[in-house]
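# Coordinate analysis (summary)
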Amino acid sequence: MSLPRLPNDLRAVIADLGGTMVDTLGDFVGVLNTVLTELTLPPVGRAFVEHTVGKGCEHLNRSTPIEVGAAVGLYASAWALYQPHYAEVNGAYSSVYPRVIEGLLDFTERGLRLARLTNKPSAFSVPLLRQNGLDGFFSAVFSGDVCERKKPDPLPLLKTCEALGSAPGRTLMLGDSSHDARAARAAGCRIVPVSDGCNDGAPVLAVDADGVIDRLGIGRSNAFFRGAGAEMGCPAP
């Protein structure tokens, strides 16, 4: 089952990594609880991490100790522990979402150029892409330490469009957070988030977007593009 029809003038697709193509939540839970244990703090559950991780690793390390009752000011200690532990765990509890590879093949068969853009540092994102068999799909790969600023700033998207040779207006961003949506809008790209993504702890459905898809590659019957049905060529659900 293929993805819905896309605009005829679309030339490229930029895809986020964690939460969009790869389920990395287990890695975050494992690393955070290791850090909390070493700080003699109680663990957190998957639900907490799921609604916090969309704002970036730095925010995760600021908010998690406070969430479990620690005094403000543990960020530096948590961050120093987090980075080496994440390098050890990276990918161990992650998996590619179902049918993502089929979705990427679909884009490739349509002649679209593909890029991967994430706020995750290169040291973590590049191995994660490779070990999940996704590295061969992308002609451009941008991580959180490549540009001077991260999403939701539009700079990473503009740099990625430049590398793809695609105008922002002819480029689609696929993401899972309000950061992706805001960055895409500011850059002039089209944006379609996955429906179970995160918007500051709330479902991503409320963000300003060209549509929503349940999951990359899930198929035509589970996808819809709100407010742009005619342009996207996809019927309303």
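Criteria and thresholds
Residues numbered from 1 in each chain as written. Predicted model: local features only at pLDDT ≥ 70, side-chain atom pairs only at ≥ 80, totals over all residues. Heavy atoms only, no water. Salt bridge = Lys/Arg side-chain N within 4 Å of Asp/Glu carboxyl O. Helix = DSSP H or I, 4+ residues; strand = E, 2+ residues; numbered from the N terminus. Axes fitted to C-alpha atoms, helices over the stretch in contact; angles between N-to-C directions. Parallel < 35°, antiparallel > 145°, perpendicular 65-115°, else oblique. Left-handed = near helix turned anticlockwise from the far one by under 90°. Contact = heavy atoms within 4.5 Å. pLDDT = per-residue confidence, 0-100. Polar contact = N/O pair within 3.5 Å; in protein donor to acceptor, adjacent residues only side chain to side chain.

Turning next to the pattern of salt bridges. With the rule as written, the count across this model stands at 10 salt bridges. The closest approach of N and O atoms between Arg149 and Asp153, which form a salt bridge, is 2.8 Å. For the salt bridge of Lys151 with Asp180, the shortest nitrogen-to-oxygen distance reads 2.7 Å. Of this pair, Lys151 sits in the loop between strand 5 (140-142) and helix 7 (155-164) while Asp180 sits in helix 8 (residues 178-187), placing them 29 residues apart in sequence.

In this section: the packing of helix 1 (residues 25-38) against helix 3 (residues 57-67). For any two helices packed against each other, one specifies the crossing angle of their axes together with the interaxial distance. Contact pair helix 1 / helix 3: the axes reach a minimum separation of 11 Å and the direction vectors enclose 45 degrees. It follows from the interaxial angle that helix 1 and helix 3 lie oblique. Once helix 1 is placed against helix 3, the crossing between them reads as right-handed. The segment helix 1 lies against helix 3, with Phe28, Leu32 and Leu36 engaging Cys57, Leu60, Asn61, Thr64 and Pro65.

Attention now goes to the confidence of the model for the chain. For residues with low pLDDT, the predicted coordinates do not support detailed interpretation. Per-residue confidence for the chain averages 85 on the pLDDT scale, and 87% of its residues sit at or above 70. Helix 9 (residues 229-232) is the least confidently modelled element of the chain, averaging 35 in pLDDT, while helix 7 averages 98, the highest of any element.

What follows covers the side chain of Asp106. Here Asp106 shows up in helix 5 (residues 100-109). Of the polar contacts made by the side chain of Asp106, one reaches the side chain of Arg110; its length is 2.5 Å.

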